[in-house]
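Observations on the model geometry
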Amino acid sequence: MTKTETKQRTFFGQPWGLQTLFMTEFWERFSYYGMRAILLYYMYYAVSQGGLGFDQVTAASIMSIYGSLVYMTSVLGGYISDRILGSRRTVFWGGILIMFGHICLSLPMGKTMLFMSIIFITLGTGLLKPNVSEMVGGLYSEEDPRRDAGFSIFVMGINFGSLLAPLIVGQAWKWFNFHVGFSLAAIGMFFGLVTYYFQGKKYLPAVSLKAPDPLTKPELTKLYRRAAIFVVIFIIVFGVLAAMNALNLNNIVTLLTLLGVALPVAYFIIILSSQKVNKVEKSRVRAYIALFIAAVIFWAIEEQGSTVLGLFVANKTQLNFGSFKLVPSWFQSLNPLFIVLYTPIFAWLWTKLGKKQPSSPAKFWMGLLVTGFSYLVLIIPLINNHGQKVNPLWLVLSWAIVEVGEMLISPIGLSVTTKLAPKAFSSEMMSMWFLANAAGQAINAQVVKFYPGHEMAYFGAVGVVALIFAGILFLWTPKIEKLMAGVN
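What you are looking at is a predicted structure, and each value in this text was computed from that prediction instead of being measured.

**Observations regarding the overall build of the chain**
The number of helices and strands found in the chain is 16 helices and four strands. For 488 residues, the compact-globule estimate of 2.2 N^0.38 gives 23 Å, and the C-alpha radius of gyration of the chain, at 22 Å, lies within 12% of that figure. Projected onto the principal axes, the alpha-carbon positions of the chain cover approximately 60 × 55 × 50 Å. Taken across its 488 residues, the chain has 52% of its residues classed as buried. Long-range contacts, defined as pairs at least 24 residues apart, comprise 82% of the intrachain contacts of the chain with a sequence gap of at least 6. Roughly 22700 Å² of accessible area belongs to the chain as shown, and the carbon and sulfur atoms make up 69% of that amount. With 37 positive and 20 negative side-chain charges, the chain shows a spacing of 2 Å between the two charge centroids.

Set out below in structure tokens:
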């Protein structure tokens, strides 16, 4: 193949580099969601069953804070890419860390390897995930009409990886054991890295190897100073906890919960107090605060699919049908399945409605409303069931409903974040969107503790909270639209 032909090679009419990033993210999501599909069960299954023997509340709480950390570290990943390594190297080293994290889980060496894997995978995903998306944008000029279609193809890659992983990894757990399942996640990430490394040399732009805004020497000195301060604070906090005999898993999770909530609050204070932000931009940021809170509530509920609903599937759902038995982890494929089914429908709907479509705040309150109902429907099969197991179709219905909420909030939130961002804080505002998920899951780390033994009350309370906030957002929508100052 000649050099000219290589340059002209396309992937569904898109730059061939999209295929490289498509497959990289496919395998990264395969590894992450494969691991996540069985991790809850690995943590609370008895040691005699191949698990770690945590109680279910602790396992669900760890899962939640784990997810929160993944999104918190995405802020760090953006910074390292922009100021130090460039996006291509940042993604590669992120993939290496993720692979080592899964390798840790594949080794039957107990709780130590669990916590090692959490460190590796949270840092690795934080480095990889935001920067792969940024590199997709770098394949196109701003005027390229293929841009939106390219992102749509890329998102499908994400969801296909997420869809297949729980089925395949879950089957490996069923046939063999947890560690074989985690090994498949490691192998998946390895395939992604091989694809990325060799094809990236050919098809990804050279500019992605360079940091767009490299640190100057004074800035590097300042970074070292801040890192040193952070380490000192870390040592002091954990030293105080140890001195008080309070250095335990529960208190560490609580500290991380506070961090997950404090980070976005600090970001908003910095942005709104900055002299680089003009009056109109500050008005838009205030409008964004209301949408951000709605997003936190949405993600808190949606992300409970791998914790609360994971427990509900294992403990309260009918899984045996004659000789055939459903594997609990398979239910984790419902989330990406409905996203794949709904995405073309909603894309067609918004295109069809054009300027008549609801505003972003209106879509948010509709999304919260639907999300609340996704939990309320789970009360129905629990009423007077006299301890009988619930038909799994109720879980399918719940996921089908909540993913309508995701269609109304997640892509809209990404879009509105870019539109409402002040010029001086455009990248920081994208980090804020990731922090909405981090804050939601951080809150979950405490909320999920109320679930075991109180299923009806829990689903009812969480569902009603979502409905209440949807109502508040509905009433505030005219004011929010005014604060958005011309942005729809």
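From this point, the narrative continues.
**Some words on unusual backbone geometry**
Unlike most non-glycine residues, Asn245 shows phi in positive territory, near 55 degrees. Mapped onto the secondary structure, Asn245 falls in the loop between helix H8 (217-243) and helix H9 (249-273).

**What to know about the pattern of salt bridges**
Within the structure shown, the criterion is met by four salt bridges. Here Glu25 ties to Lys129 by a salt bridge, and the two come within 3.5 Å at their closest N and O atoms. Highlighted residues: Glu25 in helix H2 (residues 17-44) and Lys129 in helix H5 (residues 111-138), separated in sequence by 104 residues. With respect to burial, Glu25 and Lys129 carry one shared label: buried. With its nearest N and O atoms 2.6 Å apart, the salt bridge here joins Arg83 to Glu219.

**A short note on the nonpolar core**
Core analysis: the largest hydrophobic core is formed by 112 residues, its most contacted members being Met35, Leu39, Met43, Tyr288, Phe364, Tyr375 and Phe459. At 14 residues, H2 tops the list of elements feeding residues into this core. When sequence neighbours within four positions are dropped, the list of residues in contact with Tyr375 reads Ile301, Gln304, Val308, Leu309, Tyr458, Phe459, Val462 and Gly463. Residues Val91, Leu128, Met189 and Leu193 belong to the second largest nonpolar core, which totals 18 residues.

**Re a positive patch on the surface**
Together, Lys174, Lys316, Lys325 and Lys389 make up a positively charged patch on the protein surface. For Lys325, the position within the fold is in strand E4 (residues 324-325).

**Overview of the confidence of the model for the chain**
For the chain, mean pLDDT is 88; residues scoring 70 or higher make up 97% of the total. A low-confidence stretch, residues 1-6 stays under pLDDT 50, and its non-local contacts, those more than four residues away or across chains, total two contacts.

**Re the packing of aromatic side chains**
In total, this model carries 34 aromatic pairs according to the counting rule given. Here the aromatic rings of Tyr41 and Trp173 are separated by 5.5 Å at their centres, their planes lie at 15 degrees, and the arrangement is stacked. Linking Tyr41 in helix H2 with Trp173 in helix H6 (residues 147-175), this pair joins segments that are 132 residues apart in sequence. Trp173 matches Tyr41 in its accessibility class, with the two residues each being buried. For the ring pair Tyr42 and Phe182, a centre distance of 5.2 Å and an interplane angle of 75 degrees mean the geometry is edge-to-face. Highlighted residues: Tyr42 in helix H2 and Phe182 in helix H7 (residues 178-203), separated in sequence by 140 residues. Assigned by exposure class, Tyr42 and Phe182 land together as buried. Ring-pair connections join several aromatic residues into one group, and the members of that group are Tyr41, Tyr42, Tyr44, Tyr45, Trp173, Phe178 and Phe182. Its end group placed over the ring of Phe324, Lys174 keeps NZ or CZ at 5.9 Å from the ring centre.

**Points about the environment of His454**
Among the secondary structure elements, His454 is positioned in the loop between helix H15 (426-447) and helix H16 (455-483). At 3.1 Å, the side chain of His454 and the backbone oxygen of Pro452 are in polar contact.

**With respect to a nonpolar patch on the surface**
A cluster of nonpolar side chains, namely Ile293, Val464, Val465, Ile468, Phe469, Ile472, Phe474, Leu475 and Trp476, defines an oily patch on the protein surface of about 840 Å² accessible area. With eight residues, the single largest contributor to the nonpolar patch is H16. Topologically, Leu475 is positioned in helix H16. For Leu475, a relative accessible area of 64% gives the class exposed.

**Quick look at the environment of Gln388**
Among the structural elements, Gln388 can be located in the loop between helix H13 (360-376) and helix H14 (393-420). Judged by relative accessible area, Gln388 falls into the exposed class, the value being 57%.

**Remarks on the environment of Thr307**
Within the secondary structure, Thr307 is located in the loop between helix H10 (279-302) and helix H11 (308-316). Contacts of Thr307, omitting those with residues within four sequence positions, involve Leu40, Ala60, Met63, Ser64 and Val448.

**Remarks on H16**
Over its 29 residues, H16 runs 40 Å from end to end, which matches the ideal 42 Å to within 8%, given 1.5 Å per residue. Residue Thr477 marks the point of greatest curvature in H16, where the axis turns by about 55 degrees; the proline Pro478 follows within four residues. Here H16 has its buried residues at Glu455, Tyr458, Phe459, Gly460, Val462, Gly463, Ala466, Ala470, Leu473, Thr477 and Ile480. Phi turns positive one or two residues past the end of H16, at Ala485, with a value near 50 degrees.

What counts, and at which threshold
Residues numbered from 1 in each chain as written. Predicted model: local features only at pLDDT ≥ 70, side-chain atom pairs only at ≥ 80, totals over all residues. Heavy atoms only, no water. Helix = DSSP H or I, 4+ residues; strand = E, 2+ residues; numbered from the N terminus. Rg over C-alpha atoms; globule rule 2.2 N^0.38 Å. Buried < 20%, exposed > 50% of the residue type's maximum accessible area, 1.4 Å probe, protein only. Contact = heavy atoms within 4.5 Å. Areas by Shrake-Rupley, 256 points an atom, 1.4 Å probe, with all protein chains shown as cover. Lys, Arg positive; Asp, Glu negative; His and termini not counted. Charge placed at Lys NZ, Arg CZ, Asp CG, Glu CD. Salt bridge = Lys/Arg side-chain N within 4 Å of Asp/Glu carboxyl O. Core = buried A, V, L, I, M, F, W, Y, C linked by side-chain atoms within 4.5 Å. Patch = residues over 30% accessible without salt bridge, like charges linked within 9 Å, V, L, I, M, F, W, Y side chains within 5 Å. pLDDT = per-residue confidence, 0-100. Phe/Tyr/Trp six-rings, centres within 6.5 Å; stacked < 30°, edge-to-face > 60°. Lys NZ or Arg CZ within 6 Å of the ring centre and 35° of its normal. Polar contact = N/O pair within 3.5 Å; in protein donor to acceptor, adjacent residues only side chain to side chain. Expected span 1.5 Å × (residues − 1). Bend = angle between axes of the 7 residues up to and from the residue.

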